[in-house]
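# Understanding the architecture of this molecule
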Amino acid sequence: MGKWFPEYKGLDLSQINKDILKVWDKNDTFHKSIREVNGKGEFIFYEGPPSANGIPGIHHVMARTIKDAICRFKTQCGYEVKRKAGWDTHGLPVELGVEKALGITKEDIGTKISIEDYNKVCRTDVMKYTDLWEDLTRKMGYWINMDHPYVTYDNRYIETLWWLLKQLHTKGYLYQGYTIQPYSPAAGTGLSSHELNLPGCYHDIKDTTCIALFKLIRDKKSGFLYNNTETSDIHMMAWTTTPWTLPSNTALAVGKEITYIKVLSFNPYSGDPVTVIIARDLLNALFPESNAGLDFSEYKPGDKKIPFRVLGEFTGGELQGINYEQLIDWIKPAEGAFRVLTGDFVTTEDGTGIVHIAPTFGADDYRIATENGIPPLIVKRKDGSFSPMVDKRGYMVPIADLDESFVKQSVNINTYTGFEARPVKNEYDDNLSPDTETLDVKIAVMLKQQGKVFRIEKQIHSYPHCWRTDKPVLYYPLDAWFIRTTAFRDRMIELNNTINWKPQSTGTGRFGKWLENLVDWNLSRSRFWGTPLPIWATEDRKEEKCIGSAAELKAEIEKSINAGFMKNNPLGKFSEGNNSSENYETFDLHRPFVDDIFLVSDTGRKMFREPDLIDVWFDSGAMPYAQAHYPFENKDNFHEMFPADYIAEGVDQTRGWFFTLHAIATMISDSVAFKNIISNGLVLDKNGNKMSKRLGNAVDPFSAIDEYGSDPLRWYMITNAQPWDNLKFNISGVDEVKRKFFGTLYNTYSFFALYANVDNFRYAEKEIPVNERPEIDRWIISLLNSLVKEVGRCYDDYDLTRAGRAIQEFVTENLSNWYVRLNRKRYWGGEYDKDKLAAYQTLFVCLETISRLAAPIAPFYMDRLFIDLNDATGRHKENSVHLVLFPIYDESLIDKALEERMDIAQKISSMILGLRRKVSIKVRQPLARIMVPVPDKYFKEKFEAVKDLVLAEVNVKEVEYIDDTASILVKKIKPNFKTLGPRYGKLMKEISNAISALTPQEIVSFENTGNHPFSINSQQIVLTTGDVEIISEDIPGWQVANDGKLTVALDITVSDDLRYEGIAREFVNRIQNIRKETGFDVTDKITVLIEDHDFIREAVTRHAAYIRSQTLATTVNLVNSFTGNNIREVDIDDTVIRISVIKNN
RNA sequence: AGUCCCGUAGCUCAGUUGGUUAGAGCGCUACACUGAUAAUGUAGAGGUCCACGGUUCAACUCCGUGCGGGACUACCA
């Protein structure tokens, strides 16, 4: 005898989770699933490596479900799905975590703790929650290959990174420059953006602002400006909140499309006439409209009201390229300075619409200056280095610090002397009292005396402060290494257009726009735990070397030893070509060890390593290469792992991992790194707030999985909202999924198993051809095939949400609530005949197909279901749903007409049930007939096919069609806007009114003749039946219900015959309940004795046979008195009857 | 500030090329049904489809401008 279909006491998804994990372990299911079928080939997935120094959260379950479901689906499609796990181990979060744990700050590293010890702590700390992560991976059913995960701190991983960097360096794409970064002069350190975002960093401070006047040089370019000027000079006005940057000014920026005007007026401080240029939109901010009419001749210096006159108008584009005189002549810059540029960041919201550019102190300034070849204002120091004219302590450079010949050439000692060695903000010098005149004020006053300023004002604005010292931050240029990503901008955009983004808008919008506005990638990080920059340079930076492999480094060190710069070779034990971890553990490429390596230049000079680390995003973005240790390994089969077919991460990775993957692949391989991508949104708490440990609203994935099992969690996350929408995570939603979807599916299976076991169904019989099965079987099979088609299409399109929703709808609505409900009687009792077999086969196939369709999203329960179905029948040789191929749909089994018929049946049934409820007649009480008006000629044919189902469902004897339309039906007519709208346009409103005004007679005649001519505004209009919708709304004297075109009427007369039958059904119901309460088995035979009573006598006598058949009773007798036990009292229509139900021996 | 996502019932979400009664589930209320029962059915209450403007015979749907929530990037005279 074959196995049974297992029957369960209840649905415990948490237990199933655990059981299935054991089964997978025992059968090694995951490894078996990594195979290809039918030569499908590989499907490559890249895992965005998590960092194991944090505890996994519920959002990781979300992201990983999305990853997992697609990979499982592709496995089911026959692909060999490659997916290597990895760990991200470098980076600031790790360091900050360690700093916190050790109670130290960045300054302590190298002093209180050695870099070596510090990095040692980082190395262990970063893996501290590895166990938790692996546990989550396992419990949530995330199938990823954990056998040999890549680890970014591994020397082999770093070696690939170095190789990649060398490729870029060789081609000139890796260069040193500087970048404007927030810097704390008081703490002597740069600040990261997150340090700037710490709460309380921004304070309001009061600054001196001024509008400076930049005198233009009259030449060919500017000549057109002077044609109607009364003054000999023309000035551009530029506003600044940091007058101390004015000495560093080397350019002015205007907006290309912005309109500027030339204004004649007086300098309010000197009283001299001036001609100035300002944006037209901002004219009245400086020159009040009310002063426009003032007489120039009456103006006296010192007057509050200053007359002005507009003399001309031009665009920013016309001003481009004009030269001006240096505003403050302390230090001369290199050639090419003092030019008007155009910049897209210039606005007319405040100031003058003209922006002063100091390339050494502003990010925008730096960028626009670089793009236009404008030199920054820098000074040469005694040690030969160059720096901005403000030093890192926040002081104007003292003349004494400067190179002597530079001073001779470029410094105006007379003018500079009063200002050198002053702090740019008083806070930087503890000896200065807060009310000391600031440098800003001093400069402003100086400009005022020289007539070079138009207005001086105090302004309050918010400004970032250093969180350690609480002193204002300085934006300061710091050395950094860059990758020239801008050189690849167009190619990156081109390649991006070939990527399938989900949602598309993230690709074209957020990511696409990011690429269009790309700047060079700042690779430098002044930290300790990370991949060191493999560049060595001589002290004067004239010569540099970029190292691309361990072997190369070893060889270079040998040269260095020969040159006498090193004593021994730290890579001495390393042997090239041996890729074992042992070989790669004989040295360490991290700091401080690399810092102690000195190389020799080609000219024999000593070279030092550049102290920076590289951005960790380079680590993760290089993962396609580095996980393979390319090109040191996998050189020939790299195409089998690159590019990825699919990746998925949170949308917050757009500028992170998504970008670095894309950039590196473009630069190194001229290829995309991934072909398809899902970027998901955030997981918020149920109120839409960000989850955080601090607020205590974070959901623990482990306890959620433990309570519900992973499947409901996964199902909820996928089906509740599209992945890219933020998910408001509510655990009650998980509970609902459990009850609604899994509960219903489990019930359906339980129902099937119960009867299949009774009848010993094992799917051993020959399959009954679908066209020989009953209508309702063909209907559910049709829907099932439609479902397979739809779900497959959705998965193929990376649309998990639609796939899951379609499956759920099918299971709960169609399979359970309609198919099983209507077919229950086919399974219990009766012969094991063809009809019953068809019922079993149909339901079995539905269940089995569902398990295969839903397996990617709910891998545990679906495998349970599949195994239970398959073990009893042995239909598949595979012992897991994850090893079986995705179902294939049969187009010929999809019958849309049949689906429509059943839709009619469902609607009419529910209308009749509604009517019964309205008049309070129980469904158990049979009724004689329903009447259905026939809306069109095909209707009768359609309804005949499903008539029996409807009648059985609503307990009515027969159906009567009403095709005679005129007499009893009350009709309603509605215009069909879709056909009429395009034809009549503006007349629609009146036509609509005319149609609703039709009398019943007119409607009838319209129906009979098939057209209805009439006129509106003397325009002739002819309606045909296609232009309107005629529905039968009411049948006077009947209980009637409507749903769209469908109408049904119910005859509610209860004759004696019907009443007797109703009573008999009441008895069946009571006896069934007694059977169940008493604990009889479903198959037990019984004897029923009913106390005789006038009210029920006729009913029981007439329908004894019916009662017997329904309740498995051998005898149903009326008696006057009882003996024996199990005597109950039942209430039938308020009459109490005693009844005895006894199991036969 | 820029870019992107979202805004439909108390809650979570559908709503397909614009077409006239805007749907589902949960929750609430009432009544039914029940040898699938931690289910199920029917009905009721609950909507200015964020606002305003435009296109159109017709806008939840298309366009524009705001407002609100969120994410990322950036911090500017």
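Note that the coordinates shown come from a computational prediction; the quantities given were computed from them, not determined experimentally.

## Considerations on the overall build of chain A
The helix and strand tally for chain A stands at 35 helices and 41 strands. A compact globule built from 1145 residues should have a C-alpha radius of gyration of about 32 Å, whereas chain A, at 42 Å, is more than 25% larger. Overall size of chain A, expressed as C-alpha extent along the three principal axes, is 130 × 95 × 55 Å. Split into buried and exposed, the 1145 residues of chain A put 54% on the buried side. For chain A, the exposed area adds up to about 50700 Å²; of that, 48% sits on carbon and sulfur atoms. Between the averaged position of the 139 positive side-chain charges in chain A and that of its 159 negative side-chain charges there is a distance of 1 Å.

## What about the pairing of strand E27 (residues 674-680)?
Counting buried positions along E27 gives 6 out of 7 residues, so the element sits mostly inside the fold. With 3 bridges connecting them, strand E18 (residues 500-502) and E27 associate as parallel partners. Paired with Lys502 across the strands is Ile678, a residue of E27. Looking at chain direction, strand E26 (residues 644-650) and E27 are connected through 6 bridges and run parallel. Looking at the pairing, Ile647 lines up with Ile677 of E27. Handedness of the crossover is the feature at issue here: the chain leaves E26, passes through helix H21 (residues 654-669), returns alongside E27, and the resulting connection is right-handed.

## Digging into the environment of Lys380
Relative to the helices and strands, Lys380 resides in strand E14 (residues 378-380). Residue classification places Lys380 among the partly exposed residues on the basis of a relative accessible area of 27%. Considered as a pair, Lys380 and Ser405 are 25 residues apart in the sequence and their alpha carbons are 9.1 Å apart.

## Some remarks on the pattern of salt bridges
Inspection of the entire model under this criterion finds 62 salt bridges. The salt bridge involving Lys18 is made with Asp706; its shortest N-O contact spans 3.7 Å. Here Asp706 lies in helix H22 (residues 701-708) and Lys18 lies in helix H1 (residues 13-27), a separation of 688 residues in the sequence. Relative accessible area serves as the criterion here: at 37%, Lys18 is assigned to the partly exposed category. Using a relative accessible area of 45% as the deciding quantity, one classes Asp706 as partly exposed. Put simply, Glu556 and Lys559 hold a salt bridge, and the shortest N to O gap is 3.1 Å. Placement of both Glu556 and Lys559 in helix H17 (residues 550-563) is noted, with a separation of 3 residues, approximately one turn of the helix. The buried category is assigned to Glu556, whose relative accessible area is 9%. One salt-bridge network, held together by shared partners, links Glu47, Arg64, Lys67 and Glu649.

## Digging into the protein's contact with RNA strand B
Contacts to RNA strand B come from 61 residues, most closely from Trp239, Val355, Arg924, Phe977 and Arg1075. When atoms of RNA strand B within 4 Å of the protein are split into backbone and base, the sugar-phosphate part holds 59%. The contact in question runs from a sugar or linking oxygen of RNA strand B to an N or O atom on the side chain of Asn720, over 2.4 Å. Measuring from a phosphate oxygen of RNA strand B, one finds a side-chain N or O atom of Arg739 at 3.2 Å. Looking at the surface near RNA strand B, the elements with two or more residues in it are strand E7 (235-240), helix H16 (504-516), helix H24 (731-758), helix H26 (800-827), helix H29 (896-919), helix H31 (977-984) and helix H34 (1056-1078). Here the residues of the surface near RNA strand B are counted per class, giving 18 nonpolar, 19 polar and 24 charged.

## Quick look at the side chain of Thr801
For Thr801, the position within the fold is in helix H26. Beyond its immediate chain neighbours, meaning those up to four positions away, Thr801 contacts Ile718, Thr719, Ala721, Gln722 and Pro723.

## A word on the sheet that holds strand E22 (residues 544-546)
One key point about sheets: their strands pair by backbone hydrogen bonds, in either a parallel or an antiparallel sense. With antiparallel pairing, 4 strands are arranged side by side in an open sheet as E22-E21-E24-E23. Every other strand in the sheet has two partners, leaving E22 and strand E23 (599-600) as the edge strands with one partner each. Bridge analysis of strand E21 (residues 535-538) against strand E24 (residues 606-609) gives 3 bridges, and the strand direction is antiparallel. Across the sheet, residue Thr538 finds its bridge partner in E24, namely Met607. Across the sheet, helix H7 (residues 155-170) lies against E21 and E22, angled at about 135° from E22, the strand it touches most.

Reading the values: rules and limits
- Residues numbered from 1 in each chain as written.
- Chains lettered and ligands numbered in written order.
- Predicted model: local features only at pLDDT ≥ 70, side-chain atom pairs only at ≥ 80, totals over all residues.
- Heavy atoms only, no water.
- Helix = DSSP H or I, 4+ residues; strand = E, 2+ residues; numbered from the N terminus.
- Rg over C-alpha atoms; globule rule 2.2 N^0.38 Å.
- Buried < 20%, exposed > 50% of the residue type's maximum accessible area, 1.4 Å probe, protein only.
- Areas by Shrake-Rupley, 256 points an atom, 1.4 Å probe, with all protein chains shown as cover.
- Lys, Arg positive; Asp, Glu negative; His and termini not counted.
- Charge placed at Lys NZ, Arg CZ, Asp CG, Glu CD.
- Pairing = 2+ DSSP bridges.
- Right-handed = clockwise from strand over helix to strand, strands pointing away.
- Salt bridge = Lys/Arg side-chain N within 4 Å of Asp/Glu carboxyl O.
- Near = heavy atom within 4 Å.
- Polar contact = N/O pair within 3.5 Å; in protein donor to acceptor, adjacent residues only side chain to side chain.
- Nonpolar A, V, L, I, M, F, W, Y, C, P; charged D, E, K, R; others polar.
- Contact = heavy atoms within 4.5 Å.
- Axes fitted to C-alpha atoms, helices over the stretch in contact; angles between N-to-C directions.

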